[in-house]
Amino acid sequence: MHVGSVVVDLVADVPALPPPGGDVLATALRPTPGGGFNLLAAVARQGVEAVYAGPHGTGPFGDLVRAALAAEGVTVVGVPRAVDTGLVVTLVDATGERTFVTSPEAAVGVTADDLARVLPAPGDVVSVSGYGLLHPASRDALVAWVTALPPDVVVACDPGPLAPSAAPDALDAVLARADWCSAAAGEVAAILASRGLAATVSGSPAEAAAHLAVRTDRGVVLRAGAAGCVVVAPGAEPVTVPGFPVEPVDTTGAGDTHTGVFLAGLLRGADPVAAARTANAAAALSVTRRGPATSPTTIEVTGFLGD
């Protein structure tokens, strides 16, 4: 059950970012669902039931989002809002690296009314995005709802790049309830810095992940890009899970793919290290494809690992 936001990415493929005041010709320009859609599609393609409990708008972008969710078999529990779904301008350069510009509407997350429709059962996983903590109204509703969830509901939080500095107290409250934190290496560093702990970590991904796991008393998955990830299960030592070498063409949505496939693995009964290895494979495959929601299916991941 994802309580983050699905947005529309307006993706432009460019040779390089233009200088200030400059211009550049894109080789392609396309609108496509992104944000929380990447994670939901990753979960659904692993054969796990996925539910979208976040906002969606009334208008062409909202229609695009709902059609894409339906095509993936994702259940939508919220009702459309009077405004359209938010837009994110995504620039992808020749190296596959992406740069975002986000519309204000995309940062407006769930409300208390939205969350009242979300009824997780024991063993379900609730996925929380740090982007939902950036807008005061959604932040207050989300923190109150997440912290009141019963202990038999698994909570996973992806803090994103902005929440560690923009909403540190709210993020701390969510992490205090979360069973798992899945974050990029830079995001883990930002969380530690917001707690005044950056100077105590040498820069080793395993050490940073272990430090965050100890401080939060929760499981941690530190995503390290092509290097793979570090997994620290609650009460366990950090385990480095190597990545898979590929030639990337577009890294958009790779972190969401990794998180979605990792959570799907846990729901299917895999141990955290095995789930992380599958997530590494899925993320590696995803960056060889253009677009944000490029997570592979279970069959594709199994074939990749077999090869």
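Residues numbered from 1 in each chain as written. Predicted model: local features only at pLDDT ≥ 70, side-chain atom pairs only at ≥ 80, totals over all residues. Heavy atoms only, no water.

A few points about the overall build of the chain
Point 1. Across its full length, the chain carries 11 helices and 12 strands.
Point 2. Its C-alpha atoms give the chain a radius of gyration of 18 Å, near enough to 19 Å, the size a compact globule of 307 residues would have.
Point 3. In terms of overall dimensions, the chain has C-alpha extents of about 50 × 45 × 40 Å along its principal axes.
Point 4. Taken across its 307 residues, the chain has 47% of its residues classed as buried.
Point 5. Contacts spanning at least 24 positions in sequence make up 66% of the contacts within the chain whose residues lie at least 6 apart.
Point 6. About 12,900 Å² of surface is accessible on the chain, with carbon and sulfur atoms providing 61% of the total.
Point 7. Distance between charge centres in the chain, computed from 16 positive and 29 negative side chains, equals 2 Å. (Helix = DSSP H or I, 4+ residues; strand = E, 2+ residues; numbered from the N terminus. Rg over C-alpha atoms; globule rule 2.2 N^0.38 Å. Buried < 20%, exposed > 50% of the residue type's maximum accessible area, 1.4 Å probe, protein only. Contact = heavy atoms within 4.5 Å. Areas by Shrake-Rupley, 256 points an atom, 1.4 Å probe, with all protein chains shown as cover. Lys, Arg positive; Asp, Glu negative; His and termini not counted. Charge placed at Lys NZ, Arg CZ, Asp CG, Glu CD.)

Let's talk about the sheet that holds strand 1 (residues 6–13)
Point 1. The 4 strands lie next to each other as 2-1-5-6, forming an open sheet whose pairing is mixed. Two strands bound the open sheet, and with one partner strand each, they are strand 2 (28–35) and strand 6 (98–102). Each strand axis lies, on average, 25° off the axis of its neighbour in the sheet, ignoring direction.
Point 2. Of the strands in this sheet, strand 1 and strand 2 touch helix 1 (residues 36–44), which is tilted by about 70° from strand 2.
Point 3. Here helix 2 (residues 60–72) sits on the sheet and contacts strand 1, strand 2 and strand 5 (87–92); the angle it forms with strand 1, its principal contact strand, is near 100°. (Pairing = 2+ DSSP bridges. Axes fitted to C-alpha atoms, helices over the stretch in contact; angles between N-to-C directions.)

As for the environment of threonine 216
Point 1. Structurally, threonine 216 is set in helix 8 (residues 205–216).
Point 2. Exposure remark for threonine 216: the relative accessible area of 12% places this residue in the buried category.
Point 3. Residues threonine 216 and tryptophan 180, spaced 36 residues apart in sequence, show a C-alpha to C-alpha distance of 9.8 Å.

Quick notes on the state of the cysteines
Point 1. For the structure shown, the criterion picks out 0 disulfides.
Point 2. Cysteine 157 carries a free sulfur, and the closest cysteine sulfur to it, the one in cysteine 181, is 5.7 Å from it.
Point 3. By relative accessible area, cysteine 157 is classed as buried at 2%. (Disulfide = S-S within 2.5 Å.)

Side note on a nonpolar patch on the surface
Point 1. On the surface, Phe100, Tyr131 and Leu162 cluster together into a nonpolar patch covering about 270 Å² of accessible area.
Point 2. Taking the relative accessible area as the measure of exposure, phenylalanine 100 reaches 36% and is therefore partly exposed. (Patch = residues over 30% accessible without salt bridge, like charges linked within 9 Å, V, L, I, M, F, W, Y side chains within 5 Å. Salt bridge = Lys/Arg side-chain N within 4 Å of Asp/Glu carboxyl O.)

What about the pattern of salt bridges?
Point 1. A full pass over the atoms with the stated rule returns 10 salt bridges.
Point 2. A salt bridge links arginine 81 to aspartate 114; the shortest N-O distance between them is 2.8 Å. Remark: aspartate 114 occurs in helix 3 (residues 112–116) and arginine 81 occurs in the loop between strand 4 (75–76) and strand 5; sequence separation between them is 33 residues.
Point 3. For aspartate 114, a relative accessible area of 6% corresponds to the buried category.
Point 4. When salt bridges with common partners are traced through the structure, they connect Asp13, Arg30 and Arg290 into a single cluster.

A few points about the packing of helix 10 (residues 272–286) against helix 11 (residues 298–306)
Point 1. Across the interface, helix 10 lies against helix 11 with an axial gap of 10 Å and an inter-helix angle of 100°. As far as their axial angle goes, helix 11 and helix 10 are roughly perpendicular. Contacts between helix 10 and helix 11 pair Arg277, Thr278, Ala281, Ala282, Ala284 and Leu285 from the former with Glu300, Val301, Phe304 and Leu305 from the latter. (Parallel < 35°, antiparallel > 145°, perpendicular 65-115°, else oblique.)

Comments concerning the sheet that holds strand 11 (residues 228–232)
Point 1. Spatially, 6 strands are ordered 7-8-9-10-11-12 in an open sheet, and the strand pairing comes out mixed. Either end of the sheet is taken by a strand with one partner, and the two such strands are strand 7 (125–129) and strand 12 (239–242). Each adjacent strand pair in this sheet contributes to an overall mean axis angle of 20°, direction not counted.
Point 2. Examined bridge by bridge, strand 10 (residues 219–223) and strand 11 share 4 bridges and lie antiparallel to one another. Looking at strand 11, one finds that valine 221 is bridged to valine 231.

Regarding the packing of aromatic side chains
Point 1. Taken as a whole, this structure holds 2 aromatic pairs when the rule is applied.
Point 2. Here the aromatic rings of tryptophan 180 and phenylalanine 262 are separated by 5.2 Å at their centres, their planes lie at 75°, and the arrangement is edge-to-face. In this pair, tryptophan 180 is assigned in strand 9 (residues 180–184) and phenylalanine 262 in helix 9 (residues 254–267), connecting sequence segments 82 residues apart. The pair formed by tryptophan 180 and phenylalanine 262 is uniform in burial state, with each residue classed as buried.
Point 3. When the ring of phenylalanine 244 is compared with that of phenylalanine 304, the centres are 5.4 Å apart and the planes differ by 75°; the resulting orientation is edge-to-face. Placement of the pair is phenylalanine 244 in the loop between strand 12 and helix 9 and phenylalanine 304 in helix 11, with a sequence separation of 60 residues. (Phe/Tyr/Trp six-rings, centres within 6.5 Å; stacked < 30°, edge-to-face > 60°.)

Considering the side chain of asparagine 280
Point 1. Residue placement: asparagine 280 occurs in helix 10.
Point 2. Take asparagine 280: its relative accessible area is 4%, and that puts it in the buried class.

Looking at the nonpolar core
Point 1. Formed by 37 residues in total, the largest nonpolar core has its most connected members in Val3, Val128, Leu133, Leu142 and Trp145.
Point 2. In terms of residue count, the dominant contributor to this core is helix 4 (residues 136–147) (5 residues).
Point 3. Among all residues touching valine 128, those that are not within four sequence positions of it are Val3, Leu142, Val146, Val155, Ala156, Cys157, Asp158 and Val174.
Point 4. Counting residues in hydrophobic clusters, the runner-up holds 17 residues, among them Ala42, Val221, Cys229 and Val231. (Core = buried A, V, L, I, M, F, W, Y, C linked by side-chain atoms within 4.5 Å.)

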